[in-house]
Amino acid sequence: MKIKAFLLALTVAVLSIQPVYASQCSVAAFDELKVVGETRLKVWFWDVYDAELRTDTGAYQDAAQRALQLSYLRNIDADDLVDTTAEEWQRLKIENTEAHQQWLNELRDMWPDVREGDCITVVENDAGHAEFYGPEGRLGTIESARFTDDFLAIWLSENSRFKDERNALIGAQ
């Protein structure tokens, strides 16, 4: 009988955690858009994050508004996230301008360290600027359509590092 009580308590505890993850990932501007695709990024044997792309049309091509949500499956320091952004831009041969350095500095100031279960969501606003949201709500905006395009290219470019995941996000699979 003690084992059944323990298993019941454990089940209740585990189930009670899930709404916390779901609610902290809820962003009204993201939730209003239509799902295009989703995927899980695994590197070697580590699950890194689940990604979901949404647009105003529900299709990748010709969308006027895009949004990407990353739901982290492991802890990652904010500095590592920013450094990886810079590395991916370099790998994609995106020119490292003074503006790019400024944007990386803004991200360094804006992004929190993420913990397992945290989400970071980027929503393209009507002006094409990138609005970021995290576990505690709105993180900030980078007011540049070029930044938005270059940032989303990490996941959406034909030259993205993870082709299968890119194709799943844009609905090509």
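Structure shown above.
Source: prediction; values computed, not measured.

Novice: Tell me about the overall build of the chain, and name the residues and values.
Specialist: Tallying secondary structure elements over the chain gives 6 helices and 6 strands in all. Sequence-ordered secondary structure for the chain, helices as α and strands as β, is α-α-β-β-β-α-α-β-β-β-α-α. Per-residue burial over the chain gives 44% buried out of 173 residues. When contacts within the chain are restricted to residue pairs at least 6 apart in sequence, those whose partners lie at least 24 apart make up 55%. Accessible area of the chain: about 10100 Å², with a carbon and sulfur share of 51%.

Novice: Provide a residue-level description of the environment of Gly 140, including the pertinent values.
Specialist: Summarising the element assignment, Gly 140 is placed in strand β6 (residues 137-142). The exposure class of Gly 140 is buried, given its relative accessible area of 10%. For the pair Gly 140 and Met 110, spaced 30 residues apart in sequence, the C-alpha to C-alpha distance is 6.5 Å.

Novice: Can you tell me about the sheet that holds strand β2 (residues 46-55), naming the residues and giving the values?
Specialist: With respect to topology, 6 strands assemble into an open sheet ordered β1-β2-β3-β4-β5-β6, the strand pairing being antiparallel. Here the strands that pair on one side only, and so sit at the sheet edges, are β1 (34-43) and β6. On average, each strand axis in the sheet is tilted by 15 degrees relative to the strand beside it, whichever way the strands run. Strand direction decides the pairing type here: strand β4 (residues 119-124) and strand β5 (residues 130-134), joined by 4 bridges, are antiparallel.

Novice: How would you summarise the pairing of β2 if you had to cite specific residues and measurements?
Specialist: The element β2 is largely enclosed, with a buried count of 7 among its 10 residues. As paired strands, β2 and strand β3 (residues 66-72) are joined by 7 bridges and run antiparallel to one another. In the strand pairing of β3, Asp 50 is matched with Ser 71.

Novice: Describe the pairing of β4, with residues and values.
Specialist: In terms of burial, β4 is a largely internal element, 6 of the 6 residues being buried. Residues of β4 alternate between two faces, with Cys 119, Thr 121 and Val 123 on one and Ile 120, Val 122 and Glu 124 on the opposite face, all of them buried. With 5 bridges joining them, β3 and β4 adopt antiparallel strand pairing. Looking at the pairing, Leu 70 lines up with Ile 120 of β4. Counting the residues that bridge the hairpin from β4 to β5 gives 5 residues, and of these Gly 128 lies at a positive phi of roughly 85 degrees.

Novice: Residue-level account of the pattern of salt bridges, with values.
Specialist: It is possible for side chains bearing opposite charge to pair when their charged atoms get close. Evaluation of the coordinates by the stated rule reveals 12 salt bridges. For Lys 42, the salt bridge is made with Asp 47, and the minimal N-O distance between the two is 3.9 Å. The partner of Arg 161 in a salt bridge is Glu 88, with the nearest N and O atoms 2.7 Å apart. Taken together, the residues Arg 161 in the loop between α5 (145-156) and α6 (163-169) and Glu 88 in helix α3 (residues 78-91) connect sequence positions 73 residues apart. Residue classification places Arg 161 among the partly exposed positions, given a relative accessible area of 42%.

Rules and cut-offs
- Residues numbered from 1 in each chain as written.
- Predicted model: local features only at pLDDT ≥ 70, side-chain atom pairs only at ≥ 80, totals over all residues.
- Heavy atoms only, no water.
- Helix = DSSP H or I, 4+ residues; strand = E, 2+ residues; numbered from the N terminus.
- Buried < 20%, exposed > 50% of the residue type's maximum accessible area, 1.4 Å probe, protein only.
- Contact = heavy atoms within 4.5 Å.
- Areas by Shrake-Rupley, 256 points an atom, 1.4 Å probe, with all protein chains shown as cover.
- Pairing = 2+ DSSP bridges.
- Axes fitted to C-alpha atoms, helices over the stretch in contact; angles between N-to-C directions.
- Salt bridge = Lys/Arg side-chain N within 4 Å of Asp/Glu carboxyl O.

Any functional reading would require information that these geometric values do not contain.
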